[in-house]
Structures are given as structure tokens and as C-alpha cells.
Amino acid sequence: MNSTPLQATLIVDRDFVLGPVDSKIFGSFIEHLGRAVYTGVFEPGHPSADSDGFRGDVLDLIRELNVSIVRYPGGNFVSGFNWEDSIGPQGGRPRRLDLAWMSTESNQFGLNEFMTWVRKAGIEPMMALNLGTRGPSEARDLIEYCNHPGGTRWSDLRRTHGFSEAHRIKYWCLGNEMDGPWQIGHKTASEYGRIACETAKILKWVDPSVSLVASGSSGHAMNTFGTWELEVLHHTLEHVDFISLHMYNGNVMDDLTHYLPLSDEMDDFIRETVSLCDAAAAKQKSRKKIMLSFDEWNAWYHDQESLKWLRGEKSSLTQAKWDEAPPLLEDHYNMADALLVGSMLITLLNNADRVKIACLAQLVNVIAPIMTRPGGPAWRQTIFYPFLHGSRFGRGVSLRPVIRSPLFDTRHRQGSPYLTASAIHHPDKNELVIFAVNRSVDQSLQLTGDLRSLEADSVIEWLSLSHSDTKAINGPENPAQVIPVSRTEARLETGRLSALLNPLSWNVIRLKTSK
Ligand code: AHR
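Source: prediction; values computed, not measured.

## Overview of the packing of helix α8 (residues 262-283) against helix α10 (residues 335-349)
Step number 1: Axis separation between α8 and α10 bottoms out at 8 Å; the angle between their running directions is 25°. Relative to α10, α8 is oriented roughly parallel. For the crossing formed where α8 meets α10, the hand is right-handed. Residues Leu262, Ser263, Met266, Asp267 and Ile270 of α8 pack against Leu340, Ser343, Met344, Thr347 and Leu348 of α10.
Step number 2: Partitioned by chemical class, the residues of the contact of α8 with α10 number six nonpolar, three polar and one charged.

Below, the structure written as C-alpha cells:
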């Protein structure tokens, strides 16, 4: 530990407005994968289950996170999914092979269970369409089933299933990761662009109020990144509202100086995608501004055994191929992962002018902030906390921060600032919230907040998450190993904030302002 603190300054001004934070950036994702649905959100017979079989303990944690929107039912799963299998009386639903995750899908939780669940949870649904094995015709049937009031084959079928009111699903994803060779029904950019365009037209003819997300790049490192966006938008620009981005990061080299700045790469990915969207519009002489849906993001690397099992290699997992709801991708997140997730959240907030939807992938059990045991407890993983804080305190106006911080080099990039931060103004309640991560592994960081015209009066609260062991995790036996603590030593002198941030810490500083 180096005892000399780093010195960094954060300059924010109420006039440096980037844009309002869309509450949909505090979204998440539930896929039919592993135990996300079965024994995750849905477990009839669990002591906390309600009459629909939804786990009450999980619902409580999701409500605590105040998740705004949930993408469903995949993911890779959706590209082989027949939505009609998942409706009607549960006893009559077919069991199906899920080729994405080598499992058997029982369809006991389907479209209407999901809609009942989101309504109970107070969450906006985001429906992904199968453009892998299926196309515009099945999408037309699905939206007629979901959004048309009645008097037609599919809408009346919905009514016979007990839903006299249309589901009115506003957000639709046109396929999932269609650029990825692993995807069922993978397509070239022009094949996908054409099918996405025709599907988009049909969806908007049935319901003009929908918002559509074209499938963008499934990772920044994809060889097709850039050409994919330009070609897809060449076909779809005037028919869609969003393009998607996905990013998962892992501390695979066990090196935090490399791992934590991956949030800066997320920033590059966002900025480059914005440029591609604007270039596509310019080329088509259009004024359309395509927004970004970062609808899968997280840390993902711990459960390598699942990945081996999925590749058909020898692994320690004991389940057989085609089991139902096998325990897959159950990453147990540590303190360092909470810092990465917090840093990625800061990146999303600092791009609030163009990122209008974001989904932490996923929500329960599968690379998730919430874990459960079948028949047993549910608990908060370390990454639960930065998401909770963002969702609770980040729904305001994002100010463009100016950061002066010492820099460090990683294996792949030069000049990453030790301090990463965002500033959210809540003019309605005279509050400024600073989210800040000190990425130094061994030095505290003396943060000076130059708050300019905000005229901060007092510190309301300082929450901090850090731990002497960056590999510490929460589990059912020790659910409070990594939890935020309140700190009191932040000072305000003539409107300047001063706070000493621990090495490797996530911080939320809430200030009362006079405006
Ligand atoms: O979230 C897990 C998987 O990651 C999703 O199914 C897929 O879209 C992505 O590759």
C-alpha cells in the first residue's frame, strides 16, 4: 500500500448538461437459460412463491433494485424459440430442445407468465423476436397476439387465455446477436438488414406505437463491427429507433489494472457506434438519430466449467445434455467485479444523451446480481450494490464531467484515469449525486469536487463499497461480506468537495445544492 494519496479533480457545472438519464438504462434481462427462469423467478412450491408460482423473495430483491425494463426471452435462446409453444394451458405445452443452451425447455413459464410477472414487479417488458429460425410472418402473429385488442385470430386467442386487455408491449428487439456465428440462424449484415427491415415495417403497421431495436454488434471486438452497423442501418434506418450493443468483460488475466479500465473500452464502443449511426444517417440524408440500446452488459468469466460443458468438453458439471434448467453460467461475483460493474454504469451515465436503454445481463442466477438456491434463500451478489445505487440515485440529469486525474497504462490501452466518475443533478430536489470509482490498487485518491454554479450546501450521504480482499464474495452463508458502508469524512469548504476515496472503491456522494 502506497501511503501517498493520488490527487484528482472532478469539475461539474449545472450548465454542462449532457442529457436526462432515461430510467430504462436501469434495465435487466431474463433468458430461458440455466436457472434464470426456473428456480430463479419461477418456482411453484417455493416457500415464498405466490399463486402464480413467482418467488416472492426474488421479486422483493428486484423491486429493491427498481429494475425499469426487462428483456425476454433471450438471448441466444430466442433464435430457436417458437413463441406459440409457450401459451395456452400449461399442461398442453410442448417440451422442446433448446439448441442454444443444450437444455430441455418445458415451456411452463411462457409469454403470459412473463407478462403477469412484469406487471406484478412494475417492470416494462422488452420482447425479443426470433429472426434466427423464423421471420416476419411469425413476428406479425406474435404482435397481433400481444398488442391487438381483439377480433382477430391471434388477439382472440389471447383473450381465451385470460388476457382480455392487449399486453401493449412497446419495446421489441429484432433478433439477438445476429452477427454472431454461434447464433442459431446467424446472418450476414445484408441478410439480416433486409429481414429486420421487413419485420420492422410489419410490426409498425400492426402497432405504430412500438419502438424497435435493430441487432447491432455482439461485441466491440467482432471483426464485423462497423461494417455490420453501416449495412444494417442502410436497410433499417428509417424503420428502427435503436441499435443494440453487447459487452461482457472478464478478469481473465487476474490483473485489476487491466480489468477495471475495460469500462473505458465500453465508452469507445458507445462513441464509435454513435458515430456509425450518425454516419449512416448522413449518408442517407436523414436527420434521424438512432439511439443505443446496450441491452447486454456485465462481468462474465467466473464459471468456466459451464462454458466447457457447453462446448462438449470435460467439465466438473454433473448434469446431462438436455437436462431441464441446469445450473449454467452461475458466476459468483467478487468485490473487483462490483468495481467493474460500477465503472460500466458510470460509462452508461456519461453517455446518457445516446444510450436510452441498457440491460444488466442477466437478473437472476445466470451472470446475475441476484442468486437463489432451489427451495432455499435468495441473496445479493456484490454487483447488486452499484446497480442499486445507480438505479436509486442516478435518475436525474447527467452532467458532463471534466476529470483531471493521474493516469495509468494497462496491457491494452494507455492513459486510463485512476478516477472514473459521473455526476447526476436532480434540480427538482436540489441534489447532486457523484458516482466515483478509485481504480488504484494501492493508493487512496483525494477527490476534489469543483462544483461551480451548483453551490453545494451540505453532504447528505457518502456510501462506499470496498474490501481488503478483492476476491471476497457474498453467499447464502455470508450474505453481507461485501456491503456498502456509510462514510462521514467528506468535507465541503466554500463549495468545494473533498473526500479521500479508498483504493479500489465504489463511492456514491450525495450533496444538497442551493439550486
Ligand atoms: O447473456 C448470455 C448470452 O450472452 C446471451 O444469450 C447472448 O445474447 C450473449 O451472447
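## Looking at the sheet that holds strand β2 (residues 17-20)
Step number 1: A sheet is described by the order of its strands in space; here seven strands give the open sequence β2-β15-β19-β20-β26-β22-β23, paired in antiparallel fashion. The open sheet is flanked by β2 and β23 (485-487), the only strands paired with a single partner. Looking at each pair of strands side by side, their axes are set apart by 25° on average, direction ignored.
Step number 2: Judged from the eight bridges that link them, strand β20 (residues 431-438) and strand β26 (residues 505-513) form a sheet pairing that is antiparallel. Residue pairing for β26: Ile434 is matched across the bridge by Ile509.
Step number 3: Here α10 sits on the sheet and contacts β2, β15 (397-399), β19 (419-426), β20, β22 (456-465) and β26; the angle it forms with β20, its principal contact strand, is near 130°.

## Let's talk about the nonpolar core
Step number 1: Counting residues in each nonpolar core, the largest one holds 124 residues, and the members touching the most others are Trp117, Trp172, Phe294 and Trp297.
Step number 2: Per-element accounting of this core gives the leading share, 11 residues, to α10.
Step number 3: Aside from chain neighbours lying at most four places away, what touches Trp297 is Met247, Tyr248, Met266, Val341, Met344, Leu345, Leu348, Ala358, Cys359, Leu360, Ala361 and Phe387.

## Focus: the pairing of β26
Step number 1: For β26, the buried fraction is high: eight of the nine residues fall into the buried class.
Step number 2: In this sheet, β26 lies alongside β22 in antiparallel orientation, the contact comprising eight bridges. Its bridge partner lying in β26, Ser464 is registered against Asn507.

## Some words on the site of the ligand
Step number 1: Every residue near the ligand is listed here: Phe29, Glu31, Gly75, Asn76, Trp101, Asn176, Glu177, Tyr248, Glu296, Trp300, Gln362 and Ile367.
Step number 2: A distance of 3.0 Å separates an oxygen atom of the ligand from a polar side-chain atom of Asn176.
Step number 3: For the ligand, an oxygen atom lies 3.0 Å from a polar atom in the side chain of Gln362.
Step number 4: Taking 280 Å² as the accessible area of the ligand by itself, protein coverage stands at 95%.

## A closer look at helix α11 (residues 384-393)
Step number 1: Among the 10 residues that make up α11, nine are buried, leaving the element largely enclosed by the rest of the structure.
Step number 2: The complete set of buried residues in α11 reads Phe384, Tyr385, Pro386, Phe387, Leu388, His389, Gly390, Ser391 and Phe393.

## Here's the deal with the side chain of His246
Step number 1: Mapping His246 onto the fold places it in strand β10 (residues 242-249).
Step number 2: With a relative accessible area of 2%, His246 lands in the buried category.
Step number 3: Only 2.5 Å separates the side chain of His246 from the side chain of Glu177, close enough to count as a polar contact.
Step number 4: Separated by 2.6 Å, the side chains of His246 and Asp295 make a polar contact.
Step number 5: Discounting residues that sit within four places of it in the chain, His246 has contacts with Arg71, Asn176, Glu177, Ser217, Ser218, Gly219, Phe269, Phe294, Asp295 and Glu296.

## Overview of the sheet that holds strand β1 (residues 2-11)
Step number 1: One open sheet holds the five strands; their spatial order is β16-β1-β21-β25-β24, and the pairing between them is mixed. The sheet terminates laterally at β16 (402-404) and β24 (491-493), the two strands that pair on one side only. For this sheet, the mean angle separating the axes of adjacent strands, direction not counted, is 20°.
Step number 2: Sheet analysis places β1 next to strand β21 (residues 443-450), joined by seven bridges and oriented parallel. Residue Leu6 lies in a different strand from β21, and its bridge partner there is Leu445.

## Here we look at the pattern of salt bridges
Side chains carrying opposite charge are able to pair once their charged atoms draw close together.
Step number 1: Under the definition given, this model contains 34 salt bridges.
Step number 2: The salt bridge involving Arg35 is made with Glu330; its shortest N-O contact spans 2.8 Å. Note that Arg35 is positioned in the loop between β3 (27-29) and α1 (56-65) and Glu330 in the loop between α9 (304-310) and α10, a separation of 295 residues in sequence.
Step number 3: Given a relative accessible area of 14%, Glu330 falls into the buried group.
Step number 4: Between Asp241 and Lys204 there is a salt bridge, and its shortest N-O distance comes to 3.0 Å. One end of the pair, Asp241, is in the loop between α6 (227-236) and β10; the other, Lys204, is in helix α5 (residues 189-206), and 37 residues separate them in sequence.

## Regarding the side chain of Thr104
Step number 1: For Thr104, the location among the structural elements is in strand β6 (residues 103-105).
Step number 2: Given a relative accessible area of 13%, Thr104 falls into the buried group.
Step number 3: Polar side-chain contacts of Thr104 include one of 2.6 Å to the backbone oxygen of Trp322.
Step number 4: With residues up to four places along the chain from it excluded, the contact list for Thr104 reads Arg95, Arg96, Leu97, Trp322, Asp323, Glu324 and Ala325.

## Structural notes on unusual backbone geometry
Among all residues except glycine, the phi angle is most often negative; among peptide bonds, the trans geometry is most common.
Step number 1: Cis rather than trans, the peptide bond between Tyr72 and Pro73 has omega equal to 5°.
Step number 2: Secondary-structure assignment places Pro73 in the loop between β4 (69-72) and β5 (96-98).
Step number 3: In this model, Ala361 is joined to Gln362 through a cis peptide bond whose omega is 0°.
Step number 4: Note on placement: Gln362 falls in the loop between β12 (355-361) and β13 (370-372).
Step number 5: A positive phi angle, close to 50°, is found at Arg168, a residue other than glycine.
Step number 6: Relative to the elements of secondary structure, Arg168 occurs in the loop between α4 (153-160) and β8 (171-174).

Reading the values: rules and limits
Residues numbered from 1 in each chain as written. Predicted model: local features only at pLDDT ≥ 70, side-chain atom pairs only at ≥ 80, totals over all residues. Heavy atoms only, no water. Axes fitted to C-alpha atoms, helices over the stretch in contact; angles between N-to-C directions. Helix = DSSP H or I, 4+ residues; strand = E, 2+ residues; numbered from the N terminus. Parallel < 35°, antiparallel > 145°, perpendicular 65-115°, else oblique. Left-handed = near helix turned anticlockwise from the far one by under 90°. Contact = heavy atoms within 4.5 Å. Nonpolar A, V, L, I, M, F, W, Y, C, P; charged D, E, K, R; others polar. Pairing = 2+ DSSP bridges. Core = buried A, V, L, I, M, F, W, Y, C linked by side-chain atoms within 4.5 Å. Buried < 20%, exposed > 50% of the residue type's maximum accessible area, 1.4 Å probe, protein only. Near = heavy atom within 4 Å. Polar contact = N/O pair within 3.5 Å; in protein donor to acceptor, adjacent residues only side chain to side chain. Areas by Shrake-Rupley, 256 points an atom, 1.4 Å probe, with all protein chains shown as cover. Salt bridge = Lys/Arg side-chain N within 4 Å of Asp/Glu carboxyl O.

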